[in-house]
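Summary of structural features
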Amino acid sequence: MTASPPPPALPDGRYVEVPGARLWVADTEGPGEAVVLLHSAVGSVPHWSYQFGPLAAAGYRVIAFDRRTHGRSVQLASDGADPSVSDCAALLDELGVRRAHVVGVAQGGRVAAELALTAPSSVATLALIASSGGVRLPSRVPDAPPLMPPGFTSLPTWFTELGASYRSSDPEGVLRWIGLGNEHPAGLAAPAAGIDAADLATIPAPVLLLGGDADGFTPPPVLRRLAPLFRDARIAILRECGHSPQWERPGEFNSELLAFFRAHA
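Summary of the structure given here. (Residues numbered from 1 in each chain as written. Predicted model: local features only at pLDDT ≥ 70, side-chain atom pairs only at ≥ 80, totals over all residues. Heavy atoms only, no water.)

It is worth spelling out the overall build of the protein chain at this point. The secondary structure content of the protein chain amounts to 9 helices and 9 strands. Taken against the 2.2 N^0.38 rule, which gives 18 Å for 265 residues, the C-alpha radius of gyration of the protein chain at 17 Å falls within 12% of a compact globule. Taken over the C-alpha atoms alone, the protein chain extends approximately 45 × 40 × 40 Å along its principal axes. Looking at the protein chain residue by residue over its 265 residues, the buried ones come to 49%. A total accessible area of about 11,700 Å² is found for the protein chain, and carbon and sulfur atoms account for 55% of it. Distance from the positive charge centre (20 side chains) to the negative charge centre (26 side chains) of the protein chain: 3 Å. (Helix = DSSP H or I, 4+ residues; strand = E, 2+ residues; numbered from the N terminus. Rg over C-alpha atoms; globule rule 2.2 N^0.38 Å. Buried < 20%, exposed > 50% of the residue type's maximum accessible area, 1.4 Å probe, protein only. Areas by Shrake-Rupley, 256 points an atom, 1.4 Å probe, with all protein chains shown as cover. Lys, Arg positive; Asp, Glu negative; His and termini not counted. Charge placed at Lys NZ, Arg CZ, Asp CG, Glu CD.)

Structure (structure tokens):
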């Protein structure tokens, strides 16, 4: 495993107003098919720094935005519900994007899956990265210990989000990741209660389930249980990788994502 180079500069960002918020958006623009990147609960636009260049070079229009209370976005009004899905739909409308490849990492995967359920015609393909898509899979063994023990999410985010191999082989990359600011934002609306697993079969878009074999939140067996619930899903597992594949393994991650897009062009 080799260390990744410093991430390249992001495209210039701007604010786009949607009902109740001003969202900070990075957009490569151009005529290519759109790819929308949805960050995690502790993420923001810079967490996709390694994806903008390669995806744009492959001919895609790459769009990422800070969800409300994350990064540079500003919440203007709230009714207490999580508006991430409606914000994403409103943003695409403002940008003139009618259909996109939708990629969500961790909690962003829940947003992506809900968008595919509520606005299926807008989702060309769905990529759930290190994510169950918000689906609550019941335990198959009564009274078995949970996957994550109590207090796991209270541990430092660099420990829970980044795999041990990455932390030990690329300490400079870990410091760059820490420098992005990766704490749970204050004032964030509570996420939805969870998606009904039976609803996943109604999603017409092909699905990529991509994760790391050292992910403490969504390990490969969880992805294997999810895959049969969709009409058309494939699994890709990155070796020695934790909960942030797009940052820990950007080269392999981008190759898998582009191959998936091209297979469903």
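Let us look at the packing of aromatic side chains. Applying the stated rule across the entire model yields 6 aromatic pairs. Seen in terms of ring centroids, Phe152 and Phe217 are 5.2 Å apart; in terms of plane orientation they differ by 70 degrees. Their pairing is edge-to-face. Note that Phe152 is positioned in the loop between strand E7 (123-129) and helix H4 (157-161) and Phe217 in the loop between strand E8 (207-212) and helix H7 (220-226), a separation of 65 residues in sequence. Like Phe217, Phe152 is buried. A ring pair is formed by Trp158 and Phe159, whose centres lie 6.3 Å apart and whose planes are at 90 degrees; its orientation type is edge-to-face. Classification of Phe159 as partly exposed rests on a relative accessible area of 37%. (Phe/Tyr/Trp six-rings, centres within 6.5 Å; stacked < 30°, edge-to-face > 60°.)

Formed by 37 residues in total, the largest nonpolar core has its most connected members in Val25, Leu38, Leu91, Leu126, Leu209 and Phe230. Among the elements that take part in this core, helix H3 (residues 107-118) stands out by supplying 5 residues, more than any other. One finds Phe52, Ala236, Leu238 and Leu257 within the second-largest nonpolar core, a separate group that totals 26 residues. (Core = buried A, V, L, I, M, F, W, Y, C linked by side-chain atoms within 4.5 Å.)

We now examine the side chain of Gln51. Turning to its location among the elements, Gln51 is positioned in helix H1 (residues 49-57). Note on Gln51: relative accessible area 0%, which makes it buried. Engagement of the side chain of Gln51 in a polar contact is seen with the side chain of Asn254, the distance being 3.0 Å. Each residue touching Gln51, except ones within four places of it in the same chain, is listed here: Leu37, Gln246, Pro250, Phe253 and Asn254. (Polar contact = N/O pair within 3.5 Å; in protein donor to acceptor, adjacent residues only side chain to side chain. Contact = heavy atoms within 4.5 Å.)

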